[in-house]
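Observations on chain architecture
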Amino acid sequence: MTSRVGSAGVGRAVAQGAATAQGTPTPGRIRRATGRRPAGVGSLSGIGLVLAGALSVQFGSAVAALLFPRAGALGVVSLRVTLAAVLILAVCRPRLRGYTRGDWAVAGGFGLALGGMNILFYQAIDRIPLGPAVTLEVLGPLLLSVVAARRAASLVWAGLALVGVFLLGQAGFSELNLAGAGFALGAGAMWAAYIVFNSRAGARFPRLDGLAVAMAIAALVSLPLGIASAGSTLLEPGVLLLGLGVALLSSGVPYTLEFLALRRLPAATFAVLMSMAPAIAALAGFLVLGQTLSALQCLAIALVVGASVGAVRTGR
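Owing to the predicted nature of the structure, the values given are computational and were not obtained by experimental measurement. (Residues numbered from 1 in each chain as written. Predicted model: local features only at pLDDT ≥ 70, side-chain atom pairs only at ≥ 80, totals over all residues. Heavy atoms only, no water.)

**Considering a nonpolar patch on the surface**
The condition is simple: Each patch is built from salt-bridge-free residues with over 30% relative accessible area, joining like charges within 9 Å and nonpolar side chains (Val, Leu, Ile, Met, Phe, Trp, Tyr) within 5 Å. Only the protein chains shown count as cover for residues, and all accessible areas are computed by the Shrake-Rupley method using a 1.4 Å probe. Salt bridges, as used here, are contacts in which a Lys or Arg side-chain nitrogen is within 4 Å of a carboxyl oxygen on Asp or Glu. Strands here are runs of E lasting at least two residues and helices are runs of H or I lasting at least four, both read from the DSSP assignment and numbered beginning at the N terminus. Under the scheme applied here, a residue whose accessible area is under 20% of the maximum for its type counts as buried, over 50% as exposed, and between as partly exposed, the area being computed with a 1.4 Å probe on protein chains only.
Residues Leu87, Leu244, Leu248 and Val253 make up a contiguous nonpolar surface patch of about 280 Å² in total accessible area. Here the element with the most residues in the nonpolar patch is helix H11 (residues 237-261); it accounts for 3 residues. Along the chain, leucine 244 turns up in helix H11. On the basis of relative accessible area, leucine 244 is assigned to the partly exposed category, the value being 32%.

**Concerning the packing of aromatic side chains**
Let me state the cut-off plainly: Note on aromatic contacts: the rings of Phe and Tyr and the six-membered ring of Trp form a pair at centre separations within 6.5 Å, being stacked when their planes are under 30 degrees apart, edge-to-face when over 60 apart, and tilted otherwise.
A complete count under the given rule lists 6 aromatic pairs for this structure. Consider the rings of tyrosine 99 and phenylalanine 205, whose centres lie 4.6 Å apart with planes at 45 degrees: the pair is tilted. Taken together, the residues span a long stretch of sequence, with tyrosine 99 in the loop between helix H3 (44-92) and helix H4 (101-125) and phenylalanine 205 in the loop between helix H9 (178-204) and helix H10 (209-230) at a distance of 106 residues.

**Observations concerning the packing of H3 against H11**
Using the following cut-off: Here an angle of 0 to 180 degrees is reported between the N-to-C directions of two axes, which are lines fitted to C-alpha atoms, with helices fitted over the stretch in contact. Note on angle classes: values under 35 degrees are labelled roughly parallel, values over 145 roughly antiparallel, values of 65 to 115 roughly perpendicular, and the remainder oblique. By convention, the crossing between two helices is left-handed when the near helix turns anticlockwise from the far helix through less than a right angle, and right-handed when the turn is clockwise. Each residue is assigned to one of three groups, with Ala, Val, Leu, Ile, Met, Phe, Trp, Tyr, Cys and Pro labelled nonpolar, Asp, Glu, Lys and Arg labelled charged, and all others, Gly among them, labelled polar.
Where H3 contacts H11, the two axes come as close as 5 Å, and the packing angle between them is 150 degrees. By the criterion of interaxial angle, the relationship of H3 to H11 is roughly antiparallel. Regarding H3 and H11, the two cross each other, and that crossing is left-handed. Residue classes in the contact of H3 with H11 are distributed as 27 nonpolar, 10 polar and 2 charged.

Printed below as a string of structure tokens:
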């Protein structure tokens, strides 16, 4: 997944204007929530956290695909999200009192976006290779970056990404499976919502409390689907062990890193950095699953990654 962006209330460009009324974490609100001033676009620590999280989640997704023949996509995603939720709740022990209805609405939206993103993405990689799936999924983050930046130059990079997707289609969406492509696009929409709610939860909840609550909600959404799909297979020792590894690689580690990164980076910068995920996913698919891509598909992925790099440079 990817893990893992449109709303006009995200990022520095809108944080200083109308976004204040929409609950976007402005610099003053972030200082009150975290006790420090938010870093700028070029924060090396924030960028490092995002890239480390991307590596973890994509290789975790590749490992998860190895479990599909035994537990199915829904079974694996429920196992991943539930185990990750248990781990994060045990470590964070979030405080549940003293929050407003607005805070709980943000946490609920965060959890639903998190659960939906994972469910749709696993349905996608059950049908199409990991690299193309993530390439389609990151259209959500890229759209958010364009809407949030509101700059003419950002439209150029968005156009370059769309050219990449067009080339991916020329390589044959029929070969990729239309249903898989549709699930990947749906996961991208959920990824967009995930980034928006993640940013807002960071301003409303201390430490990682917002993430822990959201993971619990996502587990409540996905677990019934997994039990209905895989049944007692989820309790087999081998499945549980691999599921724990997937939970750590694909949920626990990357979501924690991303949550911390969003306290150091504007959400729009975070979004375009995450657009580098297709290249990482293609590498993970090749190394772990033996998935190969055509030259045209590789070019398409390279264009999407190039668009993300250009967007970051434009933001700076």
